[in-house]
Amino acid sequence: MNLVMFKQIRQAMRDGMTKTAMELTEDLLKRGVSPKEIIDKALMPTAYELGEKYQKREIPITTVLLGSRAMLSCLHAMKDELSKINYVGKGRVVVGTVAGDLHDLGKTLVVSILKASGMEVIDLGIDVPPEDFVAAVKEYQPDFVGMSCLLTTTLCSIKTTIDLLEQSALRSKVKIIIGGTPVTEKFAKTVGADFYAPDAYSALKTLLGAEGIESE
Amino acid sequence: MGERIELEQVLDSGVMQPILDNITKATGLRSVLVNTRGDELLAPQEFRDECSFCQMIRSSKKGREKCQGSYMRAGREAAKYAEPYIFRCHAGLVSFAAPLNVFEQYIGAIICGQVLMWEPEDFFWIEVEEMNRDHVTDVDVLIEKAKELKVISGEKVEAIAYLLFFIANHLMKTGMATLKHRREMAEQQAMLGAEILKKKVLEQTLKELAKDESRESEADIEKRFLREVRLGNSFAALEALNEILAEMLDEYGGRPQLFKARVLELLVLLWRGAVEDRKDRDEVLAFNQTYLEEVSLSTSLEELSFVLLKTVEGYINNFYRKRKIKNTKIITDVLNYICENFDRQLTLEEIANKVYVSPYYLSHIFKKELGCTVMDCLTKTRMEEAKRLLKTSDYNVVEIAKQVGYSNPGHFSKVFKRSEGIPPLKFKANPSKRKRGDESGDV
């Protein structure tokens, strides 16, 4: 039965049926299904699927927008459950993209789940220069800094940012997680990042994991 | 071209106002023109103010700033991806932006929407509250106002967004033509300036030598001018015309009415010449009519000179070059096709098919008229674009090779080196070694 309902949520996201998606999530929670399972089995794969289909121009952006709303409504339904997750202290993360798209469902999902699960997220947005990261670290004193980039040409600005944090004597105060298409594990090691995330979802897992909630 | 183009240079509100008015009438949605900072420049007459929901958001400073930020970002995103950008604004409504790009420069956007793509359900009220509570004091009132928002389907949103996008593109093409017209006029002015200077120097020299009689008389220049027109030598004809114009400016520069009369006189001469050459009288008359109108509407000396120049070009192309016109059309079509498709693999067969001639005949025309092959032209176009990208973008050579239609970067580098004398990487790194004639003034 649960499997059928996961399937229904996925279909509701594709069709932009916000109300249905939200009600199904509420039902599942009542049945004792954990938010993590709903995210893993319904939201994440569909977010990924919609993002990919849009990249290939198989679906219009309006479908992505509607899907994103449906997804957010599910997360809203889980808000209370998510906030119950026991952290080793609630974390604070500053995220920014060196170059990206506002329509990135993956990032929306990560940011929303982090927010919903009680983490404080400061989203610096796209095209964030190294100086802005440093300024944000000074101002918000986060536990994590998340950086992603999409083009090889912008890779070096990740290194510049980390170097600048080092020079400003802020590097040791934060854990740095980097990701994005051109980023490799080797690159992450070379530039001295703490974590490497091959995609948005593993970024999420790393962040939550590092906070001590990954209970697998 | 380094200068910044402003929206006002390309679009005037006389053109834009009826477009916004009609979009609004047809769709029932408010469409506005914004600049690159997201400031609203023009709104439809019937919908001067935003809907009450947006008015409430914009009543606070923070709300207004967020609104402007949304528009600014949307316009830029739209320009970056060169497609209509459909988005949810900071307050939760759906809007879309069509970018206005001139010569690949983003100058502003048409933004339309402030609608919903769903019937509001409980979750929407939650969203409205979450998205707006830090800049709206009474969220309940805002929710009441949200109930008045228009709801349209995603399909319709897409359709309107694309329609706007097509209109914007078309507008920018026209805008570019206007800008080009101005630039051409400026170029002509510069040429005229040079001619006047030449004349001054010449006169000075002649005066000194006291040999005034050896100079070509005004009447002689005029004759030479008409002869070159009839021979279809446009370059020589325009050169002679410049000499005449320089003379005219000297003589009548301070008396625009007489200057105009002299322009008309030259038009009549061209006209007589064409009739004497047994061109179709009606056709010549009709042709003259259009230019006569332009002359009578022109007031400045610059405009008049420009119209005259255009007339002469028109005469040569219409009446003294008829035999070539068919080929010109094919050649222009091919060049256009190349310009639009050089980013992918192209074959001579495909191009020839597009203009409905055989590959053999097309090669023949190209060799005869342009002295090069179709594929030479294609390569040249690709290299020009590659140089532009190398100079202005952050793309690496592999990406640039792909963008100009080469799947094999090695092959691209080879062709580039053969064409430009140095490999692309060196070209990018060391502008000083670029071939002569390629430096657009950058140090």
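Given the structure is predicted, the values throughout are model-derived calculations rather than measurements.

Colleague: Now, about the interface of chain B and chain A: what can you tell me, with residues and values included?
Modeller: If you look at the interface, chain B gives 23 residues, while chain A gives 23 residues. Taken over both partners, the interface formed by chain B and chain A buries close to 1800 Å², and the fraction arising from carbon and sulfur atoms is 60%. Taken together, chain B and chain A are joined by three salt bridges. The salt bridge involving Lys79 of chain A is made with Glu130 of chain B; its shortest N-O contact spans 4.0 Å.

Colleague: So what's going on with the confidence of the model for chain A? Which residues, and what values?
Modeller: Across chain A, the average pLDDT comes to 80, with 81% of residues at 70 or higher. Mean pLDDT values over the elements of chain A span from 69, in helix α10 (residues 200-210) of chain A, up to 95, in helix α2 (residues 18-30) of chain A.

Colleague: Please provide a residue-by-residue account of empty space enclosed by the protein, values included.
Modeller: Residues and elements named next belong to chain B. Applying the stated criterion across every chain yields a total of three cavities of 30 Å³ or more. Approximately 70 Å³ is the volume attributed to the largest cavity. Around the largest cavity, the lining residues are Phe53, Cys54, Ile57, Cys67, Tyr71, Cys89, His90, Ala91, Leu93, Ser95 and Gln114. Secondary structure elements with two or more residues in the lining of the largest cavity: α3 (52-58) and α4 (61-81). The leading source of residues in the lining of the largest cavity is α3, at three residues.

Colleague: Mind laying out the sheet that holds strand β2 (residues 120-123) of chain A, listing which residues take part and the relevant values?
Modeller: Residue and element names in this part refer to chain A. Pairing is parallel across the open sheet formed by five strands, whose spatial order is β2-β1-β3-β4-β5. Here the strands that pair on one side only, and so sit at the sheet edges, are β2 and β5 (195-197). With strand direction ignored, the average angle separating the axes of adjacent strands in the sheet is 20 degrees. Here four bridges tie strand β1 (residues 92-97) to β2, and the two strands are oriented parallel to one another. Of the residues in β2, the one forming a bridge with Val95 is Asp123. Relative to β1, helix α7 (residues 130-140) is tilted by about 165 degrees, and along the sheet it contacts β1, β2 and β3 (144-148).

Colleague: Please set out the pattern of salt bridges residue by residue, giving values where relevant.
Modeller: Following the criterion strictly, the structure yields 29 salt bridges over all chains and no others. For Glu120 of chain A, the salt bridge goes to Arg92 of chain A, with nearest N and O atoms at 3.0 Å. Placement of Glu120 of chain A in strand β2 and of Arg92 of chain A in strand β1 is noted, with a sequence separation of 28 residues between them. For Glu313 of chain B, the salt bridge identified is with Lys310 of chain B, shortest N-O distance 3.3 Å. One end of the pair is Glu313 of chain B and the other is Lys310 of chain B, both in helix α12 (residues 301-319) and three residues apart, which spans about a single turn. Given a relative accessible area of 26%, Glu313 of chain B falls into the partly exposed group. Residue class for Lys310 of chain B comes out partly exposed when judged on its relative accessible area of 26%.

The rules behind these values
Residue positions are given per chain, counting from 1 as you read along its sequence in written order. Chains carry letters and ligands carry numbers; both start at the beginning, A for chains and 1 for ligands, and go up in the order they are written. For this predicted model, a pLDDT threshold of at least 70 governs which residues receive local features, and a threshold of 80 or more governs which side-chain atom pairs are given and counted, while totals over whole chains, interfaces and linings are taken from all residues. As a rule here, side-chain values come from all non-hydrogen atoms in the structure, and water together with hydrogens is ignored. Here, residues are in contact when the closest pair of their heavy atoms is within 4.5 Å. Here the quantity called buried area is the total loss of accessible area, with a 1.4 Å probe, experienced by two parts when brought into contact, counted for both. Salt bridge criterion: a side-chain nitrogen from Lys or Arg within 4 Å of a carboxyl oxygen from Asp or Glu. Known as pLDDT, the predictor's per-residue confidence is scaled from 0 to 100. By the criteria applied, helices consist of DSSP H or I runs no shorter than four residues and strands consist of E runs no shorter than two, each listed in order from the N terminus. Cavity: a set of points on a 1 Å grid over the protein atoms alone where a 1.4 Å probe fits but cannot get out. Pocket: an open set with protein on both sides within 12 Å along at least five of seven lines, its lining residues, like those of a cavity, having an atom within 4 Å of a point. Grid points are joined across faces, edges and corners, and a volume is the space filled by probe spheres set on the points. We treat two strands as partners when DSSP finds at least two bridges between them. Every angle, taken between N-to-C directions, lies between 0 and 180 degrees, and every axis is a line fitted to C-alpha atoms, over only the stretch in contact when it is a helix. Type-normalised accessible area, obtained with a 1.4 Å probe on protein chains alone, sets the label of each residue: buried when under 20%, exposed when over 50%, and partly exposed for intermediate values.

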